[in-house]
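Below are the chains, spelled out letter by letter.
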Amino acid sequence: MAAFDPKEFAVPRERARVLVAGAGGLGSPALAALASSGVGVIGVADSDVVDLSNLHRQVIHVTAGVGLPKTASAEEFLKRSGFGGAVLTFQTRLDTGNIMEVVSEFDVVVDACDTFRSKFMLNDACVLAGRPFVHAGVLQFEGQIMTIYPERTACLRCLFESPPPPGSVPTCQEAGVLGAAAGVLGAIQAAEALKVLDGKKTTLSDRVVAFDARHMSFRTVPVSRDPGCPVCGTKPRIDSMEDANYPPEACD
Amino acid sequence: MAACFWGREAGGAVRVTVNGQQKEEANGTTVADLAASLKLDARNIAVELNRAIVKKSEYGSTVLHDGDTVEIVTFVGGG
């Protein structure tokens, strides 16, 4: 693969538009770090309301906000913390019908959503819309993180082909998430998003970090694009957002 | 020499590096066997063998050789 210049995706900080898709365990620390980063616009997409059981890891939400939409609660947090830019909220579940329009409004997208389905949908939408994308997932004590430059560096489907079948993986609700593990990963996502905006060459692109809080280990695995990738390969099967590519999850 | 070791010839072992750790595996061990021995569900991992991603459909037929380097990343979907 030819080298590319990450400056191609650089945007001056004060004009930069960052979407945080999901205002939960990963989104909260990511938003907390972005609030004081000087970006121009922060978008927050989430369809959920704040629940008491979220608060140990979703640190931007407060007890008084239980029952509020997470987007509204996140907006309150950003204002409280002195964020001087504009906040755009999308109180909706991102789906094949609206996701392209939403991600296209932003310069970089942070994957802080909580299902495989949404993560693959975001991956595909960002590849198709040409938007850099900072993926992460967290469960219990561990997680993974990777930064993706569309059609330049390995995407989620280069590594994982398709979402795991429903039922093969426990959900946050079933298995739980160590709040601090989500905090580590979400903060790294914010750092990666800012590095993308700054055009840095040292993002976690073509590298996956596997994080395990039990051993406090960060294992970096070099990866590369798969020419057979269904969305960013040489003959992509996915060239638009179709529901058939995102089977519903059991606990969706 | 012809003794059977978990259904395989006990003709020796291969030394491989898995997630940065040296390991000995029986001759003939496949990626699928390795994942199972680590109690990993093959449906939600990505496996890299000597820096190339192994397709899921090839886990059962990909045999490990002496000196191979394997990296396995478990994919978790929470947020």
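Residues numbered from 1 in each chain as written. Chains lettered and ligands numbered in written order. Predicted model: local features only at pLDDT ≥ 70, side-chain atom pairs only at ≥ 80, totals over all residues. Heavy atoms only, no water.

J.: So what's going on with the interface of chain B and chain A? Which residues, and what values?
T.: With 20 residues of chain B at the contact, the number on the chain A side is 36 residues. Together chain B and chain A conceal approximately 2,200 Å² of surface at their shared face, both sides included; 60% is due to carbon and sulfur atoms. When the buried area of chain B at its contact with chain A is split by residue, B:Phe75, B:Val76 and B:Gly79 rank highest and sum to 32% of it. Our enumeration of links across chain B and chain A arrives at 2 salt bridges. A salt bridge links B:Glu71 to A:Arg219; the shortest N-O distance between them is 2.6 Å. When residues of the side of chain B that touches chain A are traced back to their parent elements, those giving at least two are β5 (45–49) and β7 (69–74) of chain B. Here the element with the most residues in the side of chain B that touches chain A is β7(B); it accounts for 4 residues. For the side of chain B that touches chain A, the residue count by class is 7 nonpolar, 6 polar and 7 charged. (Contact = heavy atoms within 4.5 Å. Buried area = accessible area lost by both parts, 1.4 Å probe. Salt bridge = Lys/Arg side-chain N within 4 Å of Asp/Glu carboxyl O. Helix = DSSP H or I, 4+ residues; strand = E, 2+ residues; numbered from the N terminus. Nonpolar A, V, L, I, M, F, W, Y, C, P; charged D, E, K, R; others polar.)

J.: Residues and numbers for the pairing of strand β3 (residues 86–90) of chain A, please.
T.: All names here are of chain A. Note that strand β2 (residues 41–45) and β3 share 5 bridges and pair parallel. When the sheet's bridge partners are listed, Ala45 is paired in β3 with Phe90. Read from β2 through helix α2 (residues 70–80) to β3, the crossover connection turns out right-handed. (Pairing = 2+ DSSP bridges. Right-handed = clockwise from strand over helix to strand, strands pointing away.)

J.: Summarise the sheet that holds strand β6 (residues 142–148) of chain A; cite the residues concerned and give the values.
T.: Residues and elements named next belong to chain A. Pairing is mixed in the open sheet, where 8 strands are placed in the order β3-β2-β1-β4-β5-β6-β7-β8. Of all the strands in the sheet, just β3 and β8 (217–222) have a single pairing partner and so form its edges. Direction aside, neighbouring strands of the sheet carry axes that sit 15° apart on average. (Axes fitted to C-alpha atoms, helices over the stretch in contact; angles between N-to-C directions.)

J.: I'd like to hear about the confidence of the model for chain B, residue by residue, with values.
T.: It should be kept in mind that the predicted coordinates are not to be read in detail where pLDDT is low. All names here are of chain B. Averaged over every residue, the pLDDT of chain B is 88; the share at 70 or more is 86%. Between the elements of chain B, mean pLDDT differs from a low of 47, seen in strand β1 (residues 4–5), to a high of 97, seen in helix α1 (residues 31–37). Across the interface, the model reports ipTM at 0.87; the global pTM reads 0.92. (pLDDT = per-residue confidence, 0-100.)

J.: Describe the layout of surface pockets, and please don't skip the residues or the numbers.
T.: In this structure, the largest pocket occupies an estimated 760 Å³ of space. Lining the largest pocket are 29 residues, and of these A:Glu142, A:Asp212, A:Arg214, B:Leu40 and B:Thr74 sit closest to its centre. Of all elements in the fold, only β6, β7 (207–212) and β8 of chain A together with β4 (21–26) and β7 of chain B reach the threshold of two or more residues within the lining of the largest pocket. Tallied by class, the residues present in the lining of the largest pocket amount to 12 nonpolar, 10 polar and 7 charged. (1 Å grid on protein atoms, 1.4 Å probe; cavity = no way out; pocket = protein on both sides within 12 Å on 5 of 7 lines; lining within 4 Å. Points joined across faces, edges and corners; volume = space filled by probe spheres on them.)

J.: Account for the packing of aromatic side chains, naming residues and giving values.
T.: Following the criterion strictly, the structure yields 8 aromatic pairs over all chains and no others. Plain terms: the ring middles of A:Phe120 and B:Phe75 are 5.9 Å apart, the flat faces sit at 80° to each other, and that makes the pair edge-to-face. On the criterion of chain membership, the pair formed by A:Phe120 in helix α4 (residues 116–129) and B:Phe75 in the segment after β7 is interchain, its members lying in two chains. Both residues of the pair, A:Phe120 and B:Phe75, belong to the buried class. Through successive ring pairs, a cluster of aromatic residues spans A:Phe116, A:Phe120, A:Phe160 and B:Phe75. One cation-aromatic arrangement involves A:Arg17 over A:Phe106; the distance from NZ or CZ to the ring centre is 5.7 Å. (Phe/Tyr/Trp six-rings, centres within 6.5 Å; stacked < 30°, edge-to-face > 60°. Buried < 20%, exposed > 50% of the residue type's maximum accessible area, 1.4 Å probe, protein only. Lys NZ or Arg CZ within 6 Å of the ring centre and 35° of its normal.)

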